[in-house]
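Residues per chain, in single letters:
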Amino acid sequence: MASISQIMENVSEVLSPLTSELLMFALAALVYILASRSLTVPVKKKSGSEKDERKAARPRQPWKKEMEETAEVYHDILQLAKGGEASRALSAMKRLDSATKMALPSQVATKVLLALAKSPQCESLKKDFLELSVHFDLRSFEAAGTEASRWRNVACCRELYHLAGLASVHKSEKFLVLLVRGHSNDHKAMHSIVEDILAEGASNLSRPFLDSLVTQCFGAKNQDTAKIIQEHENSMGMDTNRQARIISSFGKEGNLDAAVSAFQKWKDSGAAPTVVVYNCLLDACIECKALPRALKIFEEMKEQSLADVVSYNTIMKGHLMSHDTGSAEQVFMQMHQAGLTASRVTYHGLLNAMVSKGDRTGAWRIVTEMKSQGIGASSITCSILLKSITGRSQGAELSTILSLLEESDIQMDEVLFGGFADACIRSGNLKILWKQYQQLLKTGQPVQVSGPTYGNMIKAFGQVQDVQSVQQLWKHMCEQHVKLTAVTLGCMVEALVSNNHVSEAWKIVNDAWSSEDQRELLNTVIYSTIVKGFTMSRQHDQVIAVFKEMKERGIACNTVTYNTMLNGLARCGMMHEVPELLKGMRDSDPPVQPDIITYSTIVKGYCIAGDVDRAFALLDEMKKLGNVKPDEVLYNSLLDGCAKQSRVEEALKLLEEMKQEGVVPSNYTLSILCKLLGRGRHLEQAFEIVKTFTEEYGFKANIQVYTCLMQACIHNRQCQRAVSLHDQVVKDG
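Residues numbered from 1 in each chain as written. Predicted model: local features only at pLDDT ≥ 70, side-chain atom pairs only at ≥ 80, totals over all residues. Heavy atoms only, no water.

Student: Can you help me understand the overall build of the chain in this one?
Tutor: Helix and strand counts for the chain come out as 43 helices and zero strands. Considering only residue pairs separated by 6 or more positions, the chain has 63% of its internal contacts joining residues 24 or more positions apart. When the accessible area of the chain is evaluated, it comes to approximately 39900 Å², of which 52% is carbon and sulfur surface. (Helix = DSSP H or I, 4+ residues; strand = E, 2+ residues; numbered from the N terminus. Contact = heavy atoms within 4.5 Å. Areas by Shrake-Rupley, 256 points an atom, 1.4 Å probe, with all protein chains shown as cover.)

Student: Honestly, the packing of helix α38 (residues 632-644) against helix α40 (residues 667-679) in this entry has me stumped. Any pointers?
Tutor: How two helices pack is summed up by the angle between their axes together with the distance between the axes. It is at 9 Å that the axes of α38 and α40 come closest, and there the two elements cross at 15 degrees. Judged on the interaxial angle alone, α40 and α38 are roughly parallel. Remark: the crossing between α38 and α40 carries left-handed chirality. Of α40, the residues touching α38 (which contributes E632, N636, L639, D640, C642, A643 and K644) are Y668, T669, I672, L673, L676 and R679. (Axes fitted to C-alpha atoms, helices over the stretch in contact; angles between N-to-C directions. Parallel < 35°, antiparallel > 145°, perpendicular 65-115°, else oblique. Left-handed = near helix turned anticlockwise from the far one by under 90°.)

Student: How should the nonpolar core be read in this particular structure?
Tutor: Grouped burial of nonpolar side chains is what soluble globular proteins tend to show. F417, L433, L489, Y527, I530 and L638 are the most contacted members of the largest nonpolar core, which totals 167 residues. Considering every element that reaches this core, the biggest residue donor is helix α18 (residues 275-287), with eight residues. Here I530 is in contact with V493, V497, V502, A505, W506, V509 and V546, once residues within four sequence places are set aside. (Core = buried A, V, L, I, M, F, W, Y, C linked by side-chain atoms within 4.5 Å. Buried < 20%, exposed > 50% of the residue type's maximum accessible area, 1.4 Å probe, protein only.)

Student: I would appreciate a short explanation of helix α17 (residues 256-268) in the present structure.
Tutor: Residue pairs spaced three or four apart in an α-helix point in one direction, given the helix's 3.6 residues per turn. The end-to-end C-alpha distance of α17 is 18 Å, a good match for the 18 Å that 13 residues give at a rise of 1.5 Å each. Taken together, the buried positions of α17 are occupied by L256, A258, A259, A262, F263 and W266. Looking down the long axis of α17, one finds its buried residues gathered within 165 degrees of arc, a one-sided arrangement. The outward face of α17, more than 90 degrees from its buried face, is lined by the exposed residues D257 and D268. Considering only its buried residues, α17 is in contact with α16 (240-253), α18 and α19 (291-303). (Expected span 1.5 Å × (residues − 1). Arc of directions from axis to C-beta.)

Student: Teacher, can you tell me more about empty space enclosed by the protein here?
Tutor: One simple way to see leftover space: roll a probe sized like a water molecule over the atoms. The final tally for this structure, using the stated rule, is one cavity of 30 Å³ or more. Here the largest cavity defines a volume of roughly 50 Å³. In terms of lining, the largest cavity is formed by I544, F547, K548, E577, E580 and L581. For the lining of the largest cavity, the elements supplying multiple residues, two or more each, are α33 (540-553) and α35 (578-587). (1 Å grid on protein atoms, 1.4 Å probe; cavity = no way out; pocket = protein on both sides within 12 Å on 5 of 7 lines; lining within 4 Å. Points joined across faces, edges and corners; volume = space filled by probe spheres on them.)

Student: What's the story with the pattern of salt bridges in this structure? I'm lost.
Tutor: Opposite charge on two side chains makes pairing possible when the charged atoms of those side chains draw close. Per the counting criterion, the structure on display carries 25 salt bridges. Residues K507 and D511 are paired through a salt bridge, measuring 3.1 Å at the closest nitrogen-oxygen approach. Pair noted here: K507 and D511 are both in helix α31 (residues 502-514), with a separation of four residues, about one helical turn. Looking at D511, the relative accessible area reads 39%, which means it is partly exposed. Residues E684 and R721 are paired through a salt bridge, measuring 2.4 Å at the closest nitrogen-oxygen approach. (Salt bridge = Lys/Arg side-chain N within 4 Å of Asp/Glu carboxyl O.)

Student: Help me understand α18 in this model?
Tutor: Between its first and last C-alpha, α18 extends 18 Å over 13 residues, near the 18 Å set by a 1.5 Å rise per residue. All of the buried residues in α18 are V277, Y278, N279, C280, L281, L282, A284, C285 and I286. Contacts from the buried residues of α18 go to α16, α17, α19 and α20 (309-321).

Student: Even after reading the chapter, I still don't get the side chain of T325, so can you show me in this structure?
Tutor: The topology assignment puts T325 in helix α21 (residues 325-337). Contact partners of T325, with chain neighbours within four places excluded, come to L320, A353, M354 and K357.

Student: Is there a simple way to think about unusual backbone geometry in this case?
Tutor: Across the chain, the bulk of peptide bonds are trans and the bulk of non-glycine residues have phi less than zero. One non-glycine residue with positive phi stands out, namely H323, at about 60 degrees. When its relative accessible area of 74% is taken as the criterion, H323 is described as exposed. For R717, which is not a glycine, the phi torsion comes out positive at approximately 60 degrees. Relative to the elements of secondary structure, R717 occurs in the loop between α42 (703-715) and α43 (719-732). By relative accessible area, which is 76% here, R717 ends up exposed.

Student: What is the right way to look at the confidence of the model for the chain in this model?
Tutor: In low-pLDDT regions, the fine details of the predicted coordinates are not to be read closely. On average, residues of the chain score 84 in pLDDT, and 90% of them reach the 70 mark or higher. Contacts from residues 14-20, a stretch scored under 50 in pLDDT, to residues over four places away or in other chains number three contacts. Every residue in residues 31-62 is under pLDDT 50, and counting partners more than four places away or in other chains gives three contacts. (pLDDT = per-residue confidence, 0-100.)

Student: Any chance you could explain the packing of helix α22 (residues 344-356) against helix α24 (residues 379-387) here in plain terms?
Tutor: At a minimum axis separation of 9 Å, α22 and α24 run at an interaxial angle of 10 degrees. Of the possible angle classes, the one that applies to α22 and α24 is roughly parallel. Contacts between α22 and α24 involve H348, L351, N352 and V355 from the former and I380, T381, I384, L385 and K387 from the latter. By residue class, the composition of the contact of α22 with α24 is five nonpolar, three polar and one charged. (Nonpolar A, V, L, I, M, F, W, Y, C, P; charged D, E, K, R; others polar.)

Student: Before we go on, may I ask you to explain the packing of aromatic side chains in this structure?
Tutor: Each aromatic ring pair is characterised by the separation of its centres together with the angle its planes make. Throughout the structure, instances matching the rule amount to 15 aromatic pairs. Linked through ring pairs, F417, W434, Y437, Y454 and F461 together constitute an aromatic cluster. Here K171 stacks its cationic end above the ring of Y161, 4.8 Å away from the centre of that ring. Sitting above the plane of the W513 ring, R519 keeps its charged end 4.4 Å from the centroid. (Phe/Tyr/Trp six-rings, centres within 6.5 Å; stacked < 30°, edge-to-face > 60°. Lys NZ or Arg CZ within 6 Å of the ring centre and 35° of its normal.)

Student: Explain the environment of A117 here, please?
Tutor: Following the sequence through the fold, A117 ends up in helix α8 (residues 106-118). Its relative accessible area of 5% is what places A117 among the buried residues. A sequence separation of 45 residues divides A117 from H162, and the C-alpha atoms of the two residues are 9.3 Å apart.

Student: So what exactly am I meant to see when it comes to the state of the cysteines here?
Tutor: Cysteine pairs can be covalently joined through their sulfur atoms, and such a bond is termed a disulfide. What the rule picks out here adds up to zero disulfides. Among the cysteines around C122, which has no disulfide bond, C156 carries the closest sulfur, lying 8.9 Å off. Looking at C156, it has no disulfide partner, and the nearest cysteine sulfur is the one in C157, 5.9 Å off. (Disulfide = S-S within 2.5 Å.)

This is the structure we're talking about:
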């Protein structure tokens, strides 16, 4: 470094200052580069040959699954085939004894076929393959075809086609479709193999197979090849039943144009007109809501004497879908005039239409006509009639329907009983329902009632406070091992809770939790019902216990659950537990946001407990957050709290705040104010507020307001004024 400095001094004396600075910069850069290189450890890049050596040295992992499933005697063949060594694989096969060759596993044969089809020496190896061809069956060829088509290996697919022919293996339709799919990336090659398939198969090829080939061609956007397949198909003649199915499928898809095109193609083929194809087109028109077009086709059918009962039923269906019952009945009359006998389907269509529009008289008229034509009622007939019972006034028809069941010898099944139970519940005829249910249980082979039907019955009997029937239904359901649903379980819990049997409901919930199959049925709603039950029965310790258990079991609590628990705490005077509950709302994942009911419940609880100051503090906090706006219920709770403690000034300020916030007071608000002002010796102000509020907000004071006002008069020793007010109320009515 010293020698460098001396050189710099000598050079600087000779060169100009500017040149000297440039030279110093260059030398400094040189020193930096030399120093940094000396500190850097050189990294030697691996050459391609080194990578190859390492890769070769790494032990190759065997194909564990295939090896485990294959006998050891075939391992060499499998490894050679997997390695692409077709020649050696065939040689190894030759060395096997006859019995071992005959037992050649399909997966081994598949790998050998693939190796041979992909081998550049495939042509020269075909002689060896021919000697062993008896050991390659259709199953191995189809498996090889699946692999080759997945790779889209055109050459491999083509060779598999030739090898199958060489081995005299029957080429299945599945195998051929796979090979054509494998040609998707080469239109010319696809065209070639399709021509070979058509030439070889000629008239033995099925129409579904040809349709599959067309689908493959369209998928590969090879319209030219698809065209030659369709031409071949047309040369085979038109299949009427197939064409009818095509038209029907297009109708169900909502593609009416395609259905009409298929129908026209069938007509152009010169095929004899058949009612089946026409009916399929009629149905397609109705499915696509093209009734005018259907009517036109229907007239064409009648002109050719092709219309049958199915045709008339389809047109009636179209009119009924358009809610045109009158036109449907006209078609029904035309069918009679044409000498055709209506089927049960015909009558059911009309019956359902009558029930849908609420014409029960018309519905029973159709049933009578059915019977007069010798067509008895079926379970479907009764199910439709049961739907017509929507209220208590129609309950008398249940007995008529039961009589129809008996005279038609119809056995009650699960679906029919479900409809019957719903009709009984809607009409309030639970006695008839229970009687029919008991009869079902007494039969030799009881009808398996569904879980939803049990749920509806439990709910209905719970609402009329028939706990004994609820318990019996639950017992029978468990004994018959009916699959329980969350809805049915919820109905049972609700029925017990609403009838003050919350402990029994809680036991059912715990039993469900202990069952692995039923645990997933428990949800927030069911637990909220339990919380409500313990709240109603003032079992405050149980409310907290259920909440803790919900957290332990991972049952999410929603706003309704928290509000129910808050209401329970408020009613039980346990407001000291509220902060912990609110913390639980904030800490839950995701956090549960309090709503107006949450705040109203807490405010009411504080007021009941006499802690009005905390209620006001909560209102201030609520207004600061700004996400929930106070409503009339919350303000009324605070006003009531002020009234109990005679805090007149704060109540009047609160009243002014209500007006500013746009909260409309009610008669309940006026009742509280009358009591508050009466106790505070502000009788005139009480009268003034009642008059002002009723005029300003446009409602009439009710009897409760006037009662509180009269009590205020008496409290202020103005009994005559109370009497005058009473007389005025009586006079005004």
